Amino acid sequence: MAETTVKVQQGDITKVQTDAVVNAANSSLLGGGGVDGAIHRAGGPAILEECRQIRARQGGCPTGEAVITTAGNLPAKYVIHTVGPVWSGGSKGEPELLANCYRNSLQLAEENGVASIAFPNISTGVYGYPKDKAAKVAVAAVQSYLTEQNIGIKEVVFVCFDAENRRLYEEILNE
Ligand code: AR6
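These figures come from a predicted structure and were not determined experimentally.

Calculation notes
- Residues numbered from 1 in each chain as written.
- Predicted model: local features only at pLDDT ≥ 70, side-chain atom pairs only at ≥ 80, totals over all residues.
- Heavy atoms only, no water.
- 1 Å grid on protein atoms, 1.4 Å probe; cavity = no way out; pocket = protein on both sides within 12 Å on 5 of 7 lines; lining within 4 Å.
- Points joined across faces, edges and corners; volume = space filled by probe spheres on them.
- Helix = DSSP H or I, 4+ residues; strand = E, 2+ residues; numbered from the N terminus.
- Nonpolar A, V, L, I, M, F, W, Y, C, P; charged D, E, K, R; others polar.
- Near = heavy atom within 4 Å.
- Polar contact = N/O pair within 3.5 Å; in protein donor to acceptor, adjacent residues only side chain to side chain.
- Areas by Shrake-Rupley, 256 points an atom, 1.4 Å probe, with all protein chains shown as cover.
- Sits in = over half its atoms within 2 Å of the grid points.
- Pairing = 2+ DSSP bridges.
- Axes fitted to C-alpha atoms, helices over the stretch in contact; angles between N-to-C directions.
- Contact = heavy atoms within 4.5 Å.
- Buried < 20%, exposed > 50% of the residue type's maximum accessible area, 1.4 Å probe, protein only.
- Right-handed = clockwise from strand over helix to strand, strands pointing away.
- Salt bridge = Lys/Arg side-chain N within 4 Å of Asp/Glu carboxyl O.
- Core = buried A, V, L, I, M, F, W, Y, C linked by side-chain atoms within 4.5 Å.

A. Summary view of the layout of surface pockets. The volume enclosed by the largest pocket comes to roughly 520 Å³. What lines the largest pocket is a set of 27 residues, among which Ala 24, Gly 34, Val 35, Asp 36 and Gly 125 lie closest to the centre. Counting residues per element, the ones that place at least two in the lining of the largest pocket are β2 (20-25) and α1 (34-43). Among the elements that take part in the lining of the largest pocket, α1 stands out by supplying four residues, more than any other. Classifying every residue of the lining of the largest pocket by side-chain character gives 11 nonpolar, 13 polar and three charged.

Encoded structure:
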């Protein structure tokens, strides 16, 4: 495994100074509420412009996949937009799809020379994924990626908007 720091912080991901920040988008790539709305608001129209170009080329982004754009006015260089699964009880492939979000985002980050990356708690807002289950999937997916594939990523930050998520991530990472 490369030397990679994995940490947790509570706050607003639009303020985070990593090379890339991940957006919990939807398949349209045209924006929405939650962290998606916050990223587009703070980053400005350049992000949506690139999302529209990607949409024109490949027709949006399937669940579990990821695409990369400029970060516009954000402190980061890139936004990686990934589409989490909508929770519908857990037997519709939700854990695998959520793990794919983390793995595909890390892979796209590496392909673009990203050394540090921040993730929000994908799917745990509007998409209704139980926070404890999502945190376990997120940490396991990141750790397995870092163990098996990583060469260039030096820092992964889980940016939790709420205290409950922060506590869950701290517990899992301290195990
Ligand atoms: N920084 C960090 N985390 C945030 C921020 C922020 N500024 N704002 C919210 N969160 P959600 P989803 C947290 O609903 O469940 C959008 O409309 C939030 O507390 O943003 O994947 C998209 O367009 C929660 O823990 O994303 C899609 O349609 C986490 O981010 C849909 O919502 C994810 O909540 C995606 O739903």
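B. Representation of the site of the ligand. Taken together, the neighbourhood of the ligand is formed by 22 residues, with Asn 26, Gly 33, Val 35, Asp 36 and Thr 124 sitting nearest. A distance of 2.8 Å separates an oxygen atom of the ligand from a polar side-chain atom of Thr 124. Between the ligand and Tyr 127, the relevant distance is 3.0 Å, taken from an oxygen atom to a main-chain nitrogen or oxygen of the residue. Look at the ligand: alone it shows 700 Å² of surface, and the protein chains cover 90% of it. Among the cavities detected, the one that contains the ligand is the largest pocket. At the level of secondary structure, the elements contributing two or more residues to the shell around the ligand comprise β2 and α1.

C. Structural detail: the sheet that holds strand β6 (residues 155-160). An order of β1-β6-β5-β2-β4-β3 is seen for the six strands of this open sheet, with the pairing classed as mixed. Of all the strands in the sheet, just β1 (5-10) and β3 (66-70) have a single pairing partner and so form its edges. Neighbour-to-neighbour, the strand axes of the sheet open up by a mean angle of 25°, direction not taken into account. The pairing of strand β5 (residues 116-119) with β6 spans four bridges and is classified as parallel. In the sheet register, Ala 118 faces β6, and the bridge partner there is Val 157. Packed onto the sheet, helix α2 (residues 45-58) meets β3 and β4 (78-83) and runs at close to 140° relative to β3. On top of the sheet, helix α4 (residues 131-148) reaches β1, β5 and β6; it is set at about 170° to β6, its chief contact.

D. Seen up close, the pairing of β5. Burial along β5 is two-sided: Ser 116 and Ala 118 and Ile 117 and Phe 119, pointing in opposite directions, are all buried. Across two bridges, β2 lies against β5 in parallel orientation. Bridge assignment links Ala 20 to a residue of β5, and that residue is Ile 117. The β-α-β motif built from β5, the intervening α4 and the parallel element β6 has right-handed crossover chirality.

E. A look at the pattern of salt bridges. Evaluated as defined, the whole model comprises seven salt bridges. Residues Arg 167 and Glu 171 are paired through a salt bridge, measuring 2.9 Å at the closest nitrogen-oxygen approach. One end of the pair is Arg 167 and the other is Glu 171, both in helix α5 (residues 163-174) and four residues apart, which spans about a single turn. Judged by its relative accessible area of 42%, Arg 167 is partly exposed.

F. Local environment of the nonpolar core. Of all hydrophobic cores here, the largest spans 33 residues; its most connected members are Tyr 102, Ile 117, Phe 119 and Tyr 169. For this core, the secondary-structure elements that each account for two or more residues are β2, α3 (94-111), β5, α4, β6 and α5. With nine residues, the top contributor of residues to this core is α4. The contact partners of Tyr 102, leaving out residues within four places of it in the chain, are Phe 119, Pro 120, Asn 121, Ile 122, Ala 138, Ala 141, Val 142, Phe 158 and Tyr 169.

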